[in-house]
Amino acid sequence: MLNIFSKIFGTKNDKEVKRYRNKALEINALEAKYEALSDEELKSAIEELKNQVQKEEKTLDDVLYDSFAITREASKRTLGLRHYDVQIIGGMVLHDGRIAEMKTGEGKTLVGSLAVVLNALSGKGVHVVTVNDYLASRDAAELKPLYNFLGFSVGAILGTTHEEEERKAQYKSDITYGTNNEFGFDFLRDNMRYDLEEKVQTHHQFVIVDEVDSILIDEARTPLIISGPTNHKSDNYLKAHEIATKLERGEVIEPKNAGENPVSTGDFTVDEKNKSVLLTETGITNAEEMFEVDNLYSLENALLSHHLDQALKANFIFIKDVDYVVKDNDVIIVDEFTGRLSEGRRFSEGLHQALEAKENVQIQDESQTLADITFQNYFRMYDKLAGMTGTAQTEATEFAEIYSLDVVSIPTNVPVTRKDSNDLIFKSEREKFEAACKKIKEYNKKGQPVLVGTGSIEKSEHLHKLLKAAKVPHTVLNAKQHEQEGKIISDAGQKGAVTIATNMAGRGVDIKLTQETLDLGGLAIIGTERHESRRIDNQLRGRSGRQGDIGESQFFLSLEDNLLRIFGSDKIKGIMERLGIEEGEHIESKMVTRAVENAQKKVETMHFESRKHLLEYDDVANKQRLVIYAFRNDLLDPEFNVGAKLDENRLDYVSNVLANAEILDGMPTEDYNYEAVIAKIREDLNLIITEEDIKAESFDQCEEKLVHIIKTVYTDKMSAAAEDQRAEIERILYLQILDNAWREHLYSMDTLKTGIGLRGYNQKDPLVEYKKESYNMFIDLISSIKVEVIKILFTVQLRDESQDNKDKDKEMLDQMVSDMGDSNENHSTNHDEHIPVIEKKIARNEPCPCGSGKKYKQCHGKSGPKRGILAAE
């Protein structure tokens, strides 16, 4: 019934496209006007729009028609490309903060330029995010002539852009291209800096995410983490690996009768659907014997059980050359959606170390989270978020729920003529690959180019061996050859070309066909298995048939494929058995293709829940992160009054001291436990006071006397430094204490999150419990930071030294800050280890006296963690 109404009255999407089409006609009407202008007049026209927007005389919506018309005309003159009407529609969809779904080959890169130019008029900068460095540098270079003509500067943030000054310069451009990882990590690093001038990202105004489904959905389950060395070390990885390999894998036997429970055999069972391993009672007993402990799940053995769990996952769920590769004695993650190596990233919670133990390579030290954020929360910081992709409708619900983004499907400029055949399903993987090889050989014999999609490096290398044996010339593109990716993919349309690629390799790169290859039937796509997500399959199919080109696509599947084996083979297997399918034969029907798609929908729903679950937990941490980062920014601001904040902290500290001594407002003064207060002040601040000093007739008077004494002694001590130097010392130490406490808090939050799921067994909602406990932990964090700041600043000693000793003294100041990063021990003794040395004031832009040739602010005038120890996880 819904389909009938849609056909008669049109869908919501049809109505949206019609509305945008009417606006496109208005833009077309301006084409003749701007065609008649000279280059200088056209540049003056865009400059006038810029002035109107920045002076707030007009809004971006007011100047949209003119901006789009000018950009189209400038593109014709600089790039030789004229935006089609559907591209104009796509540009308007992006400007409205929505997702433009446009098929492969529709020129999404050019579409983005319309919304980029319009939003760059505000002068607040525009970010364009792509999936890899190759696309970021390519798009920035290709569109640079257009942007420069219109008076906009263009930057690109790449993995090879290491110099901070260079990154800062790129971000200051009107338009900045880069990958999601680079933007996200720069944000995290900016919030670990100790000087406002060192920050590289300056704004989060408008971002366009290219291949938005890949970045905001496929990669959203993996948070960005900056990690450093941890004090929490363990040597149990090899022992856990040894035990995991000795345990016997069992299976879950489903009950024959209703009401009976499933029975598990062996020491453990593997749930491939949820990627988890469960020890049986027998397995727990055997593991306890091998670990030589009485109770594997007691508190003191919690790490042993955790390491064993990770070792079992490493050995029985994670597969070499599918989930990871071993390269140069190092375990490197393979991105499950792109097939690319994710160098620099490591699995968390000890899983990476478990894989290193499995592969007998050097086990790296455990790391600790210093800063983290999910892509969901990073991109939701932007005032306006938009995206473009060839496949978004299947995930429209998730885009709406998580990001408040609508999806608008834009018609192709020329109708698609590609032929999409039904899936062919075989009983075994061997039969499937043999049939696929035979088909590839047929295409190759007549010279028709073929692009073959595989699900993993392992499968692509298996197919490579089969084609090599069949003497079919071909090229393999997987994570091991990702450097040549763009070139290999762009050549995949040549006559007789056979290209094997993992999943989404080469995404965003055009495969151009010659007239000769079009006459041979265009590009043929062969998929050797269905991906868990329909979008990935649609992306593979979309490589063929761009701009109305002829082409064809077909998937070859088997009942042994992971998707069908785990999620949907029973129904299909039943059909094959009823039809009496023999060795080498296959079935091909719409009913079977629908069954496969239903299996994919199951997995997509499961992954959506997983991403939503991750976000619900990260939202709790994100609220805390925003509070900490906002206060950090206040501390970095030279105008911020650190002294006033310390006065507030001092009062809180004194209130806590009195409360701990059970001195409360309203109680009789003769009951005051002055001895406890005196002992606590001496312990914390190494300050000796007497009862006479603080004896009072009321609680407020006692509090006031104690605050006055602590402030007076502190002010006298700090008077050795000039006022601005004193503020700088207070600011730097406050930042160090804040960062150390936040780091420990993140570790505690990780620990809490790991075990919180067990609360479900006690009929409690784990998320609600997590929110409660993390809130209490955060309140404790804020309180402990205030106390620690007072203690550290009070016990720091200042001394004046001669010019001859200044290098040594500077090292001591750096060491003091560094020591604080390594220890949160009691600071009431050994104060000489934490002595900063104050010398004559050196201006921040003067040469550093150490002789390095750098400015003081970039050398010894700078504190904070050394970049060399930070590793992106």
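Rules used in this analysis
Residues numbered from 1 in each chain as written. Predicted model: local features only at pLDDT ≥ 70, side-chain atom pairs only at ≥ 80, totals over all residues. Heavy atoms only, no water. Helix = DSSP H or I, 4+ residues; strand = E, 2+ residues; numbered from the N terminus. Buried < 20%, exposed > 50% of the residue type's maximum accessible area, 1.4 Å probe, protein only. Contact = heavy atoms within 4.5 Å. Expected span 1.5 Å × (residues − 1). Arc of directions from axis to C-beta. Pairing = 2+ DSSP bridges. Axes fitted to C-alpha atoms, helices over the stretch in contact; angles between N-to-C directions. Polar contact = N/O pair within 3.5 Å; in protein donor to acceptor, adjacent residues only side chain to side chain. Phe/Tyr/Trp six-rings, centres within 6.5 Å; stacked < 30°, edge-to-face > 60°. Parallel < 35°, antiparallel > 145°, perpendicular 65-115°, else oblique. Left-handed = near helix turned anticlockwise from the far one by under 90°. Nonpolar A, V, L, I, M, F, W, Y, C, P; charged D, E, K, R; others polar. Core = buried A, V, L, I, M, F, W, Y, C linked by side-chain atoms within 4.5 Å.

Draft legend 1. Here's a closer look at the overall build of the protein. The secondary structure content of the protein amounts to 31 helices and 25 strands. Among the 873 residues that make up the protein, the fraction classed as buried is 52%. Put simply, of all contacts in the protein between residues at least 6 apart along the chain, 73% involve residues at least 24 apart.

Draft legend 2. Structural view of helix α2 (residues 12-29). The end-to-end C-alpha distance of α2 is 27 Å, a good match for the 26 Å that 18 residues give at a rise of 1.5 Å each. For α2, every residue scored as buried is listed here: Asn-13, Glu-16, Val-17, Tyr-20, Ala-24 and Ile-27. In a view along the axis of α2, the buried residues occupy a sector of 90°, so they form one face of it. Away from the buried face of α2 by more than 90 degrees, exposed residues Lys-15, Lys-18, Leu-25 and Ala-29 are located.

Draft legend 3. Up close: the sheet that holds strand β14 (residues 384-389). Spatial strand order, β3-β4-β2-β5-β14-β1-β15: seven strands in an open sheet with parallel pairing. The sheet is open, and its two edges are formed by β3 (154-157) and β15 (407-409), each paired on a single side. When the angles between neighbouring strand axes are averaged without regard to direction, this sheet yields 20°. Alignment of strand β2 (residues 126-130) against strand β4 (residues 175-179), held across five bridges, turns out to be parallel. What sits directly across from Val-126, in β4, is Ile-175.

Draft legend 4. Spotlight on the side chain of Arg-72. Assignment of secondary structure puts Arg-72 in helix α5 (residues 64-78). At 3.3 Å, the side chain of Arg-72 and the side chain of Glu-31 are in polar contact. Here His-83 takes part through its backbone oxygen, which lies 3.1 Å from a polar atom of the side chain of Arg-72. Excluding residues that lie within four positions of it along the chain, Arg-72 makes contacts with Asn-28, Glu-31, Leu-81, Arg-82, His-83, Tyr-84, Asp-85 and Ile-88.

Draft legend 5. Quick peek at the side chain of Asp-561. With respect to the element layout, Asp-561 can be found in the loop between β22 (551-558) and α23 (562-579). Of the polar contacts made by the side chain of Asp-561, one reaches the side chain of Lys-432; its length is 2.8 Å. In this view, Asp-561 contacts Glu-429, Lys-432, Thr-528, Glu-529 and Phe-556; residues no more than four positions away in its chain are not counted.

Draft legend 6. Just the packing of aromatic side chains, in detail. Scanning all chains against the criterion turns up 15 aromatic pairs. Measuring from ring centre to ring centre gives 6.2 Å for Phe-379 and Tyr-382, while their planes differ by 20°; the resulting arrangement is stacked. Comparing Phe-379 with Tyr-382 shows no difference in burial state: the two are buried. Ring centres 5.4 Å apart and planes at 70° place the aromatic pair Phe-631 and Tyr-734 in the edge-to-face group.

Draft legend 7. Spotlight on helix α12 (residues 237-246). Within α12 the residues assigned to the buried category are Tyr-237, Ala-240, His-241, Ile-243 and Ala-244. Buried residues of α12, seen end-on, are gathered within an arc of 165° and therefore sit on one face of the element. Turned more than 90 degrees off the buried face of α12, the exposed positions are Leu-238 and Lys-246. Looking at the buried side of α12, the elements it contacts are α13 (281-291), α14 (302-316) and α15 (351-358).

Draft legend 8. The arrangement of the packing of α12 against α14 in detail. It is the contact of α12 with α14, at a shortest axis distance of 8 Å, that shows an interaxial angle of 60°. By the criterion of interaxial angle, the relationship of α12 to α14 is oblique. For α12 against α14, the interelement crossing comes out right-handed. Between α12, through Tyr-237, Ala-240, His-241, Ile-243, Ala-244 and Thr-245, and α14, the contact on the second element is made entirely by His-307, Leu-308, Ala-311, Leu-312, Asn-315 and Phe-316. For the contact of α12 with α14, the per-class residue count stands at eight nonpolar, four polar and no charged.

Draft legend 9. Structural view of unusual backbone geometry. Its identity is not glycine, yet Lys-471 carries a phi of approximately 60°, on the positive side. Along the chain, the position of Lys-471 falls in the loop between α19 (457-469) and β19 (475-477). Under the relative-accessibility criterion, Lys-471 is labelled exposed at 74%. Backbone geometry at Gln-547 places phi at a positive 50°, although glycine is not the residue there. Relative to the helices and strands, Gln-547 is located in the loop between α22 (534-541) and β22.

Draft legend 10. The arrangement of the nonpolar core in detail. Counting residues in each nonpolar core, the largest one holds 88 residues, and the members touching the most others are Phe-379, Phe-399 and Ile-681. Considering each element in turn, this core owes the most residues, 10 residues, to helix α29 (residues 723-756). Not counting residues within four places of it along the chain, the set of residues in contact with Phe-399 comprises Ile-99, Val-212, Asp-213, Leu-216, Ile-217, Ala-392, Ser-404, Leu-405 and Val-407. Ranked by size, the runner-up nonpolar core spans 56 residues in total, among them Ala-24, Ala-45, Val-53 and Val-111.

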